[in-house]
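Residue strings, one per chain:
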Amino acid sequence: MPEDLAYGSVITLKNHRAAGGLLHSHWHLYPEGVGARQQQVTAYTHKDDNNKWLVKKFDRDPSEHDDITYVHHGDVVRLEHLATQRNLHSHMESAPITKRHQQVSCYGINGTGDLNDIWRVDILGGKFGDRVKTVRTRLRLIHHTTGCALYSHSKQLPKWGWEQMEVTCNPRKRDSKNIWNVEDHYNAKLPNISFELFAPSFLESVLESHIVMAQSNSGLKPKEGEITSRPWQWPINYRGQRFSGVNETEERVYLLGNPVLWWGNLCCLGLFLFCFAIWSIRLQRGCCTGVDTDHDNNAMISCAWLFLGWCLHYLPFFCMGRVLYFHHYFPAMLFNSMLSGILIDHIVTSVHNKLELNFHFNGKICTHAVICSVMVYSFHLFSPLSYGMNGPYAGKANSRLTHLKWLDSWEI
């Protein structure tokens, strides 16, 4: 790629923030009632021919016979969308989402538009004579007529904008999201330099890749007709998730937590908080001494770490705006299950020691065997949900699944 930007170059512009999109346009117009009905301009995070723009002088189109003229700080330019031959444009109409900003569109025919197509190149920290360099130069594009700055952020347009990111013209010129850089640069008249000069450092690459993943993840939305759930529903097993099959004649698979295990874990979670509160009070009063106390300390500290793991894997979902599913609770469920195992073993052992039971059989092993038997039977009872079921739904009188519908919210 050439290093210095010149008139007649074809470029892509990337919003300089982490996970910023590439300046993009396509043939589709803004819908009726959304500003002027002109060609949409968005920010798109993938490589695409619709991201390419031709850099032109403000008063004329480039020619093959023109001498090489570089773009400098303070120059006034027009950007023509290569695929549609319309110029980047702004006017006093409100932007689609950010109403305090101006709408940005593409306007004109065959590269000919009006005065609202003109933008000033403002290099950050630049001075007269500084050239715009590929990748490394951070710049703002200031609208010549209204004085606002080209802006983009992570807010997505509705379906009419293909859920791409909004691009506006921001009256606050100092906003950090007004900053852009030349990402790709094509010009047959200019010499190319090594790509290694443009390569980011390892830490910069890692940071940006993680931010991009987080942004993509947070922007996920449910498909039409898809069953989703909210975090408060997961611990109480309020609703499952349909994997396959809808009609009664089809084999249906329904993801649902084993209710005995799910609700048993929830009870153990509450019981742990009660036991932990009592243990903490006794510890503060200096009542914790002896062998039994050491056993209590080990159990409570182990359960406390597992409770912390449960919180870290569950509570952040309440802050997420993305689409959520029942299976997102599974990592937290593992911590809850381990906490339940330690707590039950601690309680059974403590009761066995307190009562000094001396039967001819081991009461502790017997208690655990009963709990395991109940768990195995409950898994067997609800196995049709995992291995496939057909016939009438459980809510109907002639269904073979009526005995499995413990909650009305279960769609089995």
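Residues numbered from 1 in each chain as written. Predicted model: local features only at pLDDT ≥ 70, side-chain atom pairs only at ≥ 80, totals over all residues. Heavy atoms only, no water.

Student: Sorry if this is basic, but what is going on with the state of the cysteines here?
Tutor: Put plainly, two cysteines are in a disulfide when a covalent bond ties their sulfur atoms together. Within the structure shown, the criterion is met by 1 disulfide. Between the sulfur atoms of Cys148 and its disulfide partner Cys169 the distance amounts to 2.0 Å. Here Cys148 and Cys169 share a disulfide; its torsion about the S-S bond, 95°, makes the bridge right-handed. Here the residue Cys148 occupies a position in the loop between strand 9 (139-143) and strand 10 (149-156), and Cys169 occupies one in strand 11 (residues 165-170), the gap between them amounting to 21 residues. For the pair Cys148 and Cys169, a shared accessibility class is recorded, and that class is buried. Lacking any disulfide linkage, Cys267 is separated from the closest cysteine sulfur, that of Cys268, by 7.0 Å. (Disulfide = S-S within 2.5 Å. Helix = DSSP H or I, 4+ residues; strand = E, 2+ residues; numbered from the N terminus. Buried < 20%, exposed > 50% of the residue type's maximum accessible area, 1.4 Å probe, protein only.)

Student: Explanation requested: helix 4 (residues 330-355) in the structure shown.
Tutor: Every α-helix winds through 3.6 residues per turn, so residues three or four apart in the chain are directed the same way. Over its 26 residues, helix 4 runs 37 Å from end to end, which matches the ideal 38 Å to within 8%, given 1.5 Å per residue. Among the residues of helix 4, those classed as buried are Ala332, Met333, Asn336, Leu339, Ser340, Leu343, His346, Val348 and Thr349. (Expected span 1.5 Å × (residues − 1).)

Student: How do you make sense of the pairing of strand 5 (residues 76-81) when you look at a structure like this?
Tutor: Put simply, side chains in a regular strand alternate between the two faces of the sheet. Of all the 6 residues making up strand 5, 5 are buried; the element is thus mostly covered by neighbouring parts of the structure. When strand 4 (residues 53-57) meets strand 5, the two strands line up antiparallel, connected through 5 bridges. Among the inter-strand pairings, Val55 is bridged to a residue of strand 5, identified as Leu79. Note that strand 5 and strand 8 (residues 119-123) share 2 bridges and pair antiparallel. Bridged to Val76 within strand 8 is Arg120. With 2 bridges joining them, strand 5 and strand 6 (residues 86-94) adopt antiparallel strand pairing. Looking at the pairing, His81 lines up with Arg86 of strand 6. (Pairing = 2+ DSSP bridges.)

Student: Explain the pattern of salt bridges here, please?
Tutor: Where side chains of opposite charge bring their charged atoms close, a pairing between them can arise. With the rule as written, the count across this model stands at 12 salt bridges. Notably, a salt bridge pairs Arg131 with Asp4, separated by 3.2 Å at the nearest N-O pair. Of this pair, Arg131 sits in the loop between strand 8 and strand 9 while Asp4 sits in the segment before strand 1 (10-15), and the two are 127 residues apart along the sequence. The exposure class assigned to Asp4 is buried, which follows from its relative accessible area of 12%. Through salt bridges with shared partners, a single ionic network connects Lys56, Asp61, Arg78 and Glu80. (Salt bridge = Lys/Arg side-chain N within 4 Å of Asp/Glu carboxyl O.)

Student: Looking at this structure, how should I read the packing of helix 2 (residues 259-284) against helix 4?
Tutor: Describing two packed helices takes the angle between their axes plus the distance from one axis to the other. Where helix 2 contacts helix 4, the two axes come as close as 9 Å, and the packing angle between them is 65°. Considering the relative orientation of helix 2 and helix 4, their crossing is left-handed. Residues Leu261, Trp262, Asn265, Leu266, Cys268, Leu269, Leu271 and Phe272 of helix 2 lie in contact with helix 4, whose contacting residues are Phe330, Met333, Asn336, Ser337, Leu339, Ser340, Leu343, Ile344 and Ile347. Residues of the contact of helix 2 with helix 4, tallied by class, amount to 13 nonpolar, 4 polar and no charged. (Axes fitted to C-alpha atoms, helices over the stretch in contact; angles between N-to-C directions. Left-handed = near helix turned anticlockwise from the far one by under 90°. Contact = heavy atoms within 4.5 Å. Nonpolar A, V, L, I, M, F, W, Y, C, P; charged D, E, K, R; others polar.)

Student: I tried to follow the side chain of Gln102 on my own but got confused; where do I start?
Tutor: Residue placement: Gln102 occurs in strand 7 (residues 102-107). Taking relative accessible area as the criterion, Gln102 reaches 10% and is therefore assigned buried. At a separation of 3.2 Å, a polar atom in the side chain of Gln102 contacts the side chain of Ser90. A polar side-chain atom of Gln102 sits 3.0 Å from the main-chain carbonyl oxygen of His91. Apart from the residues within four sequence positions on either side, Gln102 is in contact with Ser90, His91, Met92, Glu93, Ser94, Ala95, Thr146, Cys148, Thr168 and Cys169. (Polar contact = N/O pair within 3.5 Å; in protein donor to acceptor, adjacent residues only side chain to side chain.)

Student: For this particular structure, what's the right way to read the nonpolar core?
Tutor: In a soluble, globular protein the nonpolar side chains are often hidden away together inside. In this structure, Leu23, Leu88 and Leu150 are the most contacted members of the largest nonpolar core, which totals 30 residues. Among all residues touching Leu88, those that are not within four sequence positions of it are Leu23, Val41, Trp53, Leu79, Val104, Ser105, Cys106, Asn116, Asp117, Trp119 and Leu150. Judged by nonpolar contacts, the second largest core, of 21 residues, contains Trp262, Phe272, Phe326 and Tyr329. (Core = buried A, V, L, I, M, F, W, Y, C linked by side-chain atoms within 4.5 Å.)

Student: Is there a simple way to think about the packing of aromatic side chains in this case?
Tutor: Throughout the structure, instances matching the rule amount to 21 aromatic pairs. Residues Trp263 and Trp410 carry aromatic rings whose centres are separated by 6.1 Å and whose planes lie at 20° to one another, so their mutual orientation is stacked. With Trp263 in helix 2 and Trp410 in the segment after helix 6 (383-387), the pair connects residues that are 147 residues apart, well separated along the chain. Accessibility expressed as a relative area gives 28% for Trp263, which makes it partly exposed. (Phe/Tyr/Trp six-rings, centres within 6.5 Å; stacked < 30°, edge-to-face > 60°.)

Student: Would you take a moment to explain a nonpolar patch on the surface for this structure?
Tutor: On the surface, Trp232, Ile236, Tyr238, Leu266, Leu315 and Phe318 cluster together into a nonpolar patch covering about 530 Å² of accessible area. Among the structural elements, Phe318 can be located in the loop between helix 3 (291-314) and helix 4. Taking the relative accessible area as the measure of exposure, Phe318 reaches 43% and is therefore partly exposed. (Patch = residues over 30% accessible without salt bridge, like charges linked within 9 Å, V, L, I, M, F, W, Y side chains within 5 Å. Areas by Shrake-Rupley, 256 points an atom, 1.4 Å probe, with all protein chains shown as cover.)

Student: How do you make sense of unusual backbone geometry when you look at a structure like this?
Tutor: Glycine aside, residues mostly have negative phi angles, and peptide bonds mostly take the trans form. A positive phi angle, near 60°, is found at Gln85, a position not held by glycine. Residue placement: Gln85 occurs in the loop between strand 5 and strand 6. Its relative accessible area of 36% is what places Gln85 among the partly exposed residues. Backbone geometry places Trp162, a non-glycine residue, at a positive phi of 60°.

Student: Mind showing me how you'd approach the side chain of Arg17 here?
Tutor: Of note, Arg17 is situated in the loop between strand 1 and strand 2 (22-29). No salt bridge is formed by the buried Arg17; its nearest oppositely charged neighbour, Asp175, is found at 8.5 Å. Of the polar contacts made by the side chain of Arg17, one reaches the side chain of Asn15; its length is 3.2 Å. Dropping the residues within four chain positions of it, Arg17 is found in contact with Ser152, His153, Ser154, Met165, Lys177 and Gln215. (Lys, Arg positive; Asp, Glu negative; His and termini not counted.)

Student: Help me out: how do you make sense of helix 5 (residues 363-381) in this one?
Tutor: When the terminal C-alpha atoms of helix 5 are compared, their 27 Å separation across 19 residues agrees well with the 27 Å that a helix rising 1.5 Å per residue should span. Buried residues of helix 5: Gly363, Met375 and Ser378, and no others. Angularly, the buried residues of helix 5 cover 120° about the axis, an arc narrow enough to put them on a single face. Those residues of helix 5 that are exposed and aimed more than 90 degrees away from the buried face are Ile365, Val376, Tyr377 and His380. On its buried face, helix 5 is in contact with helix 2 and helix 4. (Arc of directions from axis to C-beta.)

Any functional reading would require information that these geometric values do not contain.
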